[in-house]
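Take a look at the letters that make up each chain.
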Amino acid sequence: MPYFPEVASPIAYEGPSSKNPLAFKRYDAGKSIGGKTMAEHLRFAVCYWHTFVGTGQDPFGAPTLVRPWMSDPDPMRRAFDTLDAAFEFFTKLGVGFWCFHDRDLAPEGADFAESCRNLERLVAAAKVKQQETGVRLLWGTANLFSHPRYQAGAATNPDPHVFAYAAAQVKHALEATHELGGLGYTFWGGREGYETLWNTDMKREREHFARLLHMAVDHARQIGFTGQFYIEPKPKEPTKHQYDSDVAACLNFLREFDLMDHLKLNIETNHATLAGHTIQHELRAAREAGALGSIDANAGDELLGWDTDQFPTNVYLTATIMLELLAMGGFRTGGLNFDAKVRRQSHEPVDLFHAHIGGMDAFAKGLEIAQAIRDDGRLDRFMADRYAGWSGDLGRSVAEGRASLDDCDAYVRSNAEPVRHSGRQEFLENLINEFVL
Ligand code: XUL
Ligand code: CO
């Protein structure tokens, strides 16, 4: 029995004039854009946690989402049913990748050994499904934040016993990821932060967090996992202050603890907003450090100050993201993972299709806009002209470290006042809109 009987397989591209809500209007997987297909550029992934095991529960009310695959009272049978629903969904949607946490895929058992066995059974079943469908694992991760044992953090817990628990869980999640041929492994600092500094040794906790990452890198080497590790910045939620608060904080952390060679960043739109940045800023900061790895594609609500994890529908936003991605030459190991959830009133399974189709179309349009802006060349030329002075004698001698304060003093004395140039912000905003409108 299919879980999504109303959806034909796979969702077809019907073009911009289609009125079929279960068809793509922009995402045409095989269409070539700048030498690569849309599917190759966008590398869409579906997340397991919100999409298949999210319930719609909020602090004010009970679960609302109808999820027929979650109805069996036996947790393991429920997990296998959920796996069936997930792979039916991936295939019908036509995405190439998925992502999971260990505990979304398999339930926690009575003790750690049973939890590990549960995970192994689900991984074996998922491996068969991957072979049957060709869907690949973009990244795996461990849930080190839901269980009460992690209430004071995982790697940053004051108790080394909890650190060891988290490390053991990472070992098995990493091995599961490896077994499934995962292209990456993500660390998001679930509760790696603090509620109050009155009870927190921040220096020690950050050192321990780095230790866990080094242990994971060592274990990967030992088991032959060559996928990319990611760290995912987020400033707050669940803790008041997360140690991986934004891209700059993560880069500093990776440099401080000698991890730059081993981890890149997995950047999420709503986390950027919570950090008081734009996604454009966060992607640019990571890209310029050679550390942009993957993207958790979603959107926040500017009127709400929390992680609403909505599906991205704004093409201005997706165009901005795709401009940064094209500027770095596209994804290598990463992709666009919809770390997003339907609203709790969108309780029917088919709403999952509407949500993902909308997100994929918004990114396909964003890709087309970004490629057109690059092909047009005016934006790049404006930028090159704006900094052209740095190719002259003065600019080069400063940038290359040959000029002293004395040299600058002499230069200024023998030249007239610098000529001011307009930043042309509104002109450039209009230029972008030429392609968006
Ligand atoms: C939490 C979040 C996580 C990570 C994976 O805000 O984004 O789902 O993506 O642990
Ligand atoms: Co995320």
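Only a predicted model underlies this, so the values are computations on that prediction, with no experimental measurement involved. (Residues numbered from 1 in each chain as written. Chains lettered and ligands numbered in written order. Predicted model: local features only at pLDDT ≥ 70, side-chain atom pairs only at ≥ 80, totals over all residues. Heavy atoms only, no water.)

J.: Tell me about the domain arrangement of the chain, and name the residues and values.
T.: Each domain of the chain was delimited in the assignment, giving domain 1 (32–376) and domain 2 (379–436). In this structure, domain 1 and domain 2 have C-alpha centres spaced 40 Å apart. Taken together, the seven residues of domain 1 in the interface contact eight residues of domain 2. For the pair domain 1 and domain 2, the summed buried surface comes to about 790 Å²; carbon and sulfur atoms form 68% of the total. Our enumeration of links across domain 1 and domain 2 arrives at zero salt bridges. (Domains from an automatic or database assignment. Contact = heavy atoms within 4.5 Å. Buried area = accessible area lost by both parts, 1.4 Å probe. Salt bridge = Lys/Arg side-chain N within 4 Å of Asp/Glu carboxyl O.)

J.: Let's hear about the side chain of Ser18: which residues, and what values?
T.: Turning to its location among the elements, Ser18 is positioned in the segment before β1 (32–33). Side chain to side chain, Ser18 and Glu14 meet in a polar contact 2.7 Å long. Sequence-distant contacts of Ser18, that is, excluding residues within four places in its chain, are made with Ala23 and Lys25. (Helix = DSSP H or I, 4+ residues; strand = E, 2+ residues; numbered from the N terminus. Polar contact = N/O pair within 3.5 Å; in protein donor to acceptor, adjacent residues only side chain to side chain.)

J.: Hey, could you go over the coordination of the cobalt ion (ligand 2) for me, with residue numbers and the actual values?
T.: Protein coordination of the cobalt ion (ligand 2) is provided by Glu232 (OE), Glu268 (OE), Asp296 (OD) and Asp339 (OD), with donor distances spanning 1.9 to 2.1 Å. Sequence spacing of the donors to the cobalt ion (ligand 2): E-x35-E-x27-D-x42-D. One end of the pair, Asp296, is in strand β11 (residues 292–296); the other, Asp339, is in the loop between β12 (336–338) and α12 (350–376), with 43 residues separating them in the sequence. Each of the two residues, Asp296 as well as Asp339, counts as buried. (Donors = N, O, S within 2.8 Å, 3.2 Å for Na, K, Ca; no water. Buried < 20%, exposed > 50% of the residue type's maximum accessible area, 1.4 Å probe, protein only.)

J.: Mind laying out the environment of Tyr3, listing which residues take part and the relevant values?
T.: Relative to the assigned elements, Tyr3 resides in the segment before β1. Between the alpha carbons of Tyr3 and Arg67 there is a distance of 8.8 Å; along the sequence they are 64 residues apart. If sequence neighbours within four positions are ignored, Tyr3 has contacts with Pro68, Trp69, Asp81, Asp84, Ala85, Glu88 and Pro349.

J.: Mind laying out the nonpolar core, listing which residues take part and the relevant values?
T.: Formed by 120 residues in total, the largest nonpolar core has its most connected members in Leu42, Tyr48, Phe90, Trp98 and Phe229. Here this core gets 12 residues from one element, more than from any other, and that element is α12. The residues that make up this core include at least three from each of domain 1 (32–376) and domain 2 (379–436). (Core = buried A, V, L, I, M, F, W, Y, C linked by side-chain atoms within 4.5 Å.)

J.: Before we move on, could you go through a nonpolar patch on the surface and cite the residues and values that matter?
T.: Together, Met383, Tyr387, Trp390, Leu394, Val398, Tyr411 and Val412 give the surface a local cluster of nonpolar side chains, amounting to about 690 Å² of exposed area. At the level of secondary structure, the elements contributing two or more residues to the nonpolar patch comprise α14 (393–399) and α15 (405–413). Here Leu394 is to be found in helix α14. (Patch = residues over 30% accessible without salt bridge, like charges linked within 9 Å, V, L, I, M, F, W, Y side chains within 5 Å. Areas by Shrake-Rupley, 256 points an atom, 1.4 Å probe, with all protein chains shown as cover.)

J.: Can you lay out the packing of helix α6 (residues 160–179) against helix α7 (residues 202–223) for me, pointing to particular residues and giving the numbers?
T.: Here α6 crosses α7 at 35 degrees, and the two axes come no closer than 10 Å. For α6 against α7, the interelement crossing comes out right-handed. Residues Phe163, Ala167, Val170, Lys171, Leu174, Glu175 and His178 of α6 lie in contact with α7, whose contacting residues are His208, Arg211, Leu212, Met215, Ala216, His219, Ala220 and Ile223. Considering only residue class, the contact of α6 with α7 consists of nine nonpolar, three polar and three charged. (Axes fitted to C-alpha atoms, helices over the stretch in contact; angles between N-to-C directions. Left-handed = near helix turned anticlockwise from the far one by under 90°. Nonpolar A, V, L, I, M, F, W, Y, C, P; charged D, E, K, R; others polar.)

J.: Go over the packing of aromatic side chains with me, naming the residues and quoting the values.
T.: Throughout the structure, instances matching the rule amount to 31 aromatic pairs. Note on Tyr194 and Tyr243: the rings are 6.3 Å apart at their centroids and 50 degrees apart in plane angle, and the pair reads as tilted. Here Tyr243 lies in the loop between β9 (241–242) and α8 (247–256) and Tyr194 lies in strand β7 (residues 193–194), a separation of 49 residues in the sequence. Summarising the burial analysis for this pair, Tyr194 and Tyr243 share the class buried. Among the aromatic residues, those joined into a ring-pair cluster are Tyr3, Phe4, Tyr48, Phe52, Trp69, Phe87, Phe89, Phe90, Trp98, Phe100 and Phe353. We note Arg149 situated over the ring of Tyr165; from NZ or CZ to the ring centre the distance is 3.8 Å. (Phe/Tyr/Trp six-rings, centres within 6.5 Å; stacked < 30°, edge-to-face > 60°. Lys NZ or Arg CZ within 6 Å of the ring centre and 35° of its normal.)

J.: Can you explain the site of ligand 1? Please cite residues and give values.
T.: Taken together, Trp49, His101, Trp139, Trp188, Glu232, Lys234, Glu268, His271, Asp296, Asp307 and Asp339 make up the full set of residues adjacent to ligand 1. Separating an oxygen atom of ligand 1 from a side-chain N or O atom of His271 is a distance of 3.0 Å. Here an oxygen atom of ligand 1 sits 3.1 Å away from a polar atom, N or O, in the side chain of Asp307. (Near = heavy atom within 4 Å.)

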